[in-house]
Each structure stands twice: as C-alpha cells, then as structure tokens.
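In case you want the letters, here they are:
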Amino acid sequence: MAADGRDSAAGLDKIIDQALDTKARIKVFGRDDIMAHSVPTALLASASTKFAEACSGNVDSITLQESIAAFRVMLGWLLRRVVAERNGDTLAEAWILAGRFELPVLQNAIMRALVLRW
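Nothing here was measured: the structure is a model prediction, and the numbers come from that model. (Residues numbered from 1 in each chain as written. Predicted model: local features only at pLDDT ≥ 70, side-chain atom pairs only at ≥ 80, totals over all residues. Heavy atoms only, no water.)

Asker: Would you mind going over the packing of aromatic side chains with me for this structure?
Answerer: Where two aromatic rings form a pair, the distance of their centres and the angle of their planes describe that pair. This structure, assessed with the given rule, holds one aromatic pair. A cation over an aromatic ring shows up here: arginine 81 above the ring of tryptophan 77, its NZ or CZ 4.1 Å from the ring centre. (Phe/Tyr/Trp six-rings, centres within 6.5 Å; stacked < 30°, edge-to-face > 60°. Lys NZ or Arg CZ within 6 Å of the ring centre and 35° of its normal.)

Now the structure itself:
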C-alpha cells in the first residue's frame, strides 16, 4: 500500500469519484504547444506522487518541458499499458517525461519499444 493512502479503499473511492467528475480536469500544455489538452485530474494524480503534487491545490493547468506527443505516449500507457509510438525522438522524450514524474514502469515499457525499433 502506498504511504499516501492512494491504494486504500478510501483512497481508491476518492480517485474513482474524481475520475467520474467531468469538471475535475486539468489543462496540460506541451513545451511548444499553445493549445491546452484537457485531462481528468484523477488520471494524472493517480499515476504518480509527482503528478499528484503538480495537480494539487488550485492548479488549473500544468506546462510540461516535453512535447505533447511525449505526453500522449504517457497517456496511452496510463490508459492501456501500451506504448504504440515508433518515433525514436518522441520515445526518448517520453522516457525523460516518465523519469521526471517517477514512472519507472513506463520508462521500462518505452525502452522495450525503443529496442524493438532497432
């Protein structure tokens, strides 16, 4: 069980309630992106403690250092546990993003995708 209680029954109920709340969304901007991508806050907050911290408080948006393409790799993995991207630059950037937000399992999946690419 996580030290912050996210894996407890009450913690999971809270995440599920947030995921079902269509108003509980956060705008995500990529490095050079002027268009916001609206994502359920609960999805990001449940992914890692670092994302939970980034989404906490009165925050309505976050701006990533990485491209939105790298963020989409992460979202795909969060939703389906699949890395479908084949572009090496995007995969490398997604690996860095996963490291910054402490998602080592995603980093491993990205590395497997990079190895298959070679």
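Asker: Can you help me understand the pairing of strand E1 (residues 25-29) in this one?
Answerer: Each regular strand shows side chains that alternate between the opposite faces of the sheet. Of the two faces of E1, the one holding Ile26 and Val28 is buried and the one holding Arg25, Lys27 and Phe29 is not buried anywhere. Where E1 lies against strand E2 (residues 37-40), four bridges are found, and the strand directions are antiparallel. In the sheet register, isoleucine 26 faces E2, and the bridge partner there is valine 39. Note that E1 and strand E3 (residues 61-63) share three bridges and pair parallel. Bridge assignment links valine 28 to a residue of E3, and that residue is isoleucine 62. (Buried < 20%, exposed > 50% of the residue type's maximum accessible area, 1.4 Å probe, protein only. Helix = DSSP H or I, 4+ residues; strand = E, 2+ residues; numbered from the N terminus. Pairing = 2+ DSSP bridges.)

Asker: Is there a simple way to explain the confidence of the model for the chain in this structure?
Answerer: The predicted structure's coordinates, where accompanied by low pLDDT, should not be read in detail. Per-residue confidence for the chain gives a mean pLDDT of 87, with 85% of residues at or over 70. Looking across the chain, the model is least confident in helix H1 (residues 9-20), with a mean pLDDT of 67, and most confident in helix H5 (residues 88-100), with 97. (pLDDT = per-residue confidence, 0-100.)

Asker: Got a minute to help me understand the environment of phenylalanine 101 in this structure?
Answerer: By the secondary structure assignment, phenylalanine 101 is in the loop between H5 and helix H6 (104-117). On the accessibility criterion, phenylalanine 101 (9% relative accessible area) is buried. For the pair phenylalanine 101 and glutamate 53, spaced 48 residues apart in sequence, the C-alpha separation works out to 10.0 Å. Setting aside anything within four residues of it in sequence, one finds phenylalanine 101 in contact with Ser48, Lys50, Phe51, Ala54 and Leu64. (Contact = heavy atoms within 4.5 Å.)

Asker: Is there a simple way to explain the environment of alanine 42 in this structure?
Answerer: Looking at the secondary structure, you find alanine 42 in helix H2 (residues 41-47). Since its relative accessible area comes to 2%, alanine 42 is described here as buried. Separated by 18 residues in sequence, alanine 42 and alanine 24 have C-alpha atoms that sit 7.6 Å apart.

Asker: Just to check I follow, could you spell out the nonpolar core for this structure?
Answerer: A general feature of soluble globular proteins is that nonpolar side chains tend to end up buried together. Ranked by size, the top nonpolar core spans 30 residues in total, and within it Val28, Leu44, Phe51, Phe71, Met74 and Val83 carry the most contacts. Listing elements by their share of this core, those giving two or more residues are E1, H2, helix H3 (49-55), helix H4 (68-80), H5 and H6. Residue contributions to this core peak at eight residues, all from H4. Excluding residues within four positions of it along the chain, valine 83 makes contact with Val73, Trp77, Leu91, Leu106, Ala109, Ile110 and Ala113. (Core = buried A, V, L, I, M, F, W, Y, C linked by side-chain atoms within 4.5 Å.)

Asker: What's the story with the packing of H5 against H6 in this structure? I'm lost.
Answerer: Describing two packed helices takes the angle between their axes plus the distance from one axis to the other. Remark: H5 packs on H6, axes separated minimally by 9 Å, with the N-to-C direction vectors making an angle of 165 degrees. On the basis of the axis angle, H5 is roughly antiparallel to H6. Pair H5 / H6 crosses with left-handed handedness. The segment H5 lies against H6, with Gly88, Leu91, Ala94, Trp95, Ala98 and Gly99 engaging Leu106, Gln107, Ile110, Met111, Ala113, Leu114 and Arg117. Across the contact of H5 with H6, the residue classes break down as nine nonpolar, three polar and one charged. (Axes fitted to C-alpha atoms, helices over the stretch in contact; angles between N-to-C directions. Parallel < 35°, antiparallel > 145°, perpendicular 65-115°, else oblique. Left-handed = near helix turned anticlockwise from the far one by under 90°. Nonpolar A, V, L, I, M, F, W, Y, C, P; charged D, E, K, R; others polar.)

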